[in-house]
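What follows is the residue order along each chain.
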Amino acid sequence: MNVVGISAFFHDAACCLLQDGKLVAAAAQERFSRRKHDRRLPVDAFVYCLREGGIDVSDVDCVAYYEQPVKKLARQLWAGHARDPAALDPRAPLHAIRQGLGFEGPIRCFDHALSHAASAYCYSGFDESALLTMDAVGEWTTIGYGHAHGNHLELFDEVQYPHSLGLLYSTLTAYLGFRVNSGEYKLMGLAAYGKPRFCSLLERLIEADEGAAFRLNTSYFDFGSGANLYSPALVDLLGVEPRDPEQAPTPEHADLACSIQRLLEDQVLSKARWLRTQTGSDRLCFAGGVALNCVANGRVRREGPFAELFVPPAPGDDGGALGAAALAQIQLSAQLPGRLQHSAWGPRWQGAVIRRQLSETPLPGRIYGANGDGTGRLLKEAARRLADGQIVGWFHGPMEFGPRALGSRSILADPRSPSARERLNRQIKKREDFRPFAPSVLAEHAPRWFDLGGSSPFMQETAMVLDPEALPAVTHVDGTARVQTVTSQDQPRFARLLQSFHEITGCPVLLNTSFNVRGEPIVCSPADALRCFVTAGLDALVLEDCLIERGDVPELWPELLAHDRTATRAEDDRPARSNLYTFA
């Protein structure tokens, strides 16, 4: 049985394939189109999933779509947002799937919030769990509370639009000059530099209790005009001018970021505690865009009432494709996919293919995989360069699904280097100085370096760094880090690289950031990786079993490839308040 899951037409479109109830492929459209947060029908991701599954479109038994178009249009009409006549047809997404993918079989649609819940629970490996979803808005639901047992999932309570914790956070994201739907993580990083002195003012924006209820004071918001998410009343209340995206954040902006981050964390904890009283469960599955807030997740892990927490590698709309597919699979066969052990469900390239491609270039890449001990020598060479202070692009195996680079498409550096963070932010990633970098650590050594309290394979929560002076490049200003734990069972080659680095330095940790520069999605193909390696100025690149050094790059390549960029400029580079209509 072949079930395809699709999320599309809002942001972060994606596709996945379940075969006989097991996940075999998943990818976001942006990785192929090179258009960041691509919302269009994921045609390229669909083609990849079919190829990975060895099937044709005629072999697909069902397509599962991650929301209910009729319900969504009803909310848009109620709110006065459906102004485009072309958007008034609730059948449009289904027509697009049939015409764009050539699929003539059954299409099943599921509630947006339930797709989020299933993207966590159905891949958690739990046989029972409380369910919590939080995002901006799907059809109507903005917070969903539920319980799952076996293959039965139910959301028994909810908060509805326009009352949204996700929209509250995104409103302050826009206020602080960041792009909504992509800049929320920047607000989270900036928050560590501030003090929560605006909390009492921000509390006027909400009406919430210790139960399920949550309401916004709508006089401070404007979700309908498309110009801003906030009204002039919010500017008057805060007494701080909204930040121009081209200006550096001030201390007041950092304090405002800190305050809204604190308010979000407190609300997530409050709702999680209430949900525990309603379900009696010791486990929590958490998904939706708010579940990408790793600082809040860390507090839920440490201070929440649940013994176990599962946040999937893609809790946002891209992961909705996995949730919808799982719900369809349950209806068709009562099967659950089982626990996700890793996130590497995207395309991969064999070493022989890469060697052949490199042979057509003037690059004298060093080949290490042609004999039995080749991989070991490659890892030692890469580890030695990292220990010497080089910054290395790392391309291996299937591409990750979700927004985190987890050792398949990564830029790596020595976490002990005081200068690595500044060089990465300013020269290579070309992003704001206040942005932190994450560590990857061998799981068996994690308790020595981080106060984590469990495994964190998907880098979805923060923890205190136990020896900040030893890891300056990955320790944020508040002493925390967003940790990934790595095991040899789930990521054998990346774990061996960490082991090689540990043998040389005594440190089983590497700085791990996504293999991209500002404005582009994470690299997908070897060509993407080569282009990023050259234009970003990395010191070395590992392409499967090939090692390329900076000195091997022809002199004219950086300029030529800079002009050859196929990526559409990122939403990050557009004005933060250009058009927030997509929330409608």
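Here goes a summary of the coordinates provided. These numbers were taken from a predicted model, which means no experiment stands behind them.

**Let's talk about the sheet that holds strand E2 (residues 14–19)**
The 5 strands lie next to each other as E3-E2-E1-E4-E5, forming an open sheet whose pairing is mixed. The open sheet has two edge strands, strand E3 (22–28) and strand E5 (107–109), and neither has a second partner. Going across the sheet, the axis of each strand differs from the next one's by a mean of 20°, ignoring polarity. Looking at chain direction, strand E1 (residues 2–7) and E2 are connected through 6 bridges and run antiparallel. Across the sheet, residue Asn2 finds its bridge partner in E2, namely Gln19.

**Comments concerning the side chain of Asp318**
Examined against the element boundaries, Asp318 turns out to sit in helix H12 (residues 317–333). What Asp318 contacts, discounting residues up to four positions off in sequence, is Ser7, Asp12, Ala14, Phe401, Gly402 and Pro403.

**Digging into the pattern of salt bridges**
A full pass over the atoms with the stated rule returns 30 salt bridges. Between Asp414 and Arg416 there is a salt bridge; the shortest N-O distance is 2.7 Å. Taking the relative accessible area as the measure of exposure, Asp414 reaches 6% and is therefore buried. Ionic contacts of the salt-bridge type, sharing partners, join the residues Arg366, Glu381, Arg384, Arg385, Asp388, Glu549 and Asp552 into one network.

**Focus on the sheet that holds strand E11 (residues 283–287)**
Overall, mixed pairing links the 5 strands, which are arranged E8-E7-E6-E11-E12 in an open sheet. Two strands in the sheet have a free side with no partner beyond their single neighbour: strand E8 (152–160) and strand E12 (308–310). Neighbour to neighbour, the strand axes of the sheet diverge by 20° on average, direction disregarded. Of the strand pairs in this sheet, strand E7 (residues 141–149) and E8 are connected by 8 bridges, and their pairing is antiparallel. Within E8, the residue paired with Gly146 across the bridge is Leu155.

How each quantity is defined
Residues numbered from 1 in each chain as written. Predicted model: local features only at pLDDT ≥ 70, side-chain atom pairs only at ≥ 80, totals over all residues. Heavy atoms only, no water. Pairing = 2+ DSSP bridges. Helix = DSSP H or I, 4+ residues; strand = E, 2+ residues; numbered from the N terminus. Axes fitted to C-alpha atoms, helices over the stretch in contact; angles between N-to-C directions. Contact = heavy atoms within 4.5 Å. Salt bridge = Lys/Arg side-chain N within 4 Å of Asp/Glu carboxyl O. Buried < 20%, exposed > 50% of the residue type's maximum accessible area, 1.4 Å probe, protein only.

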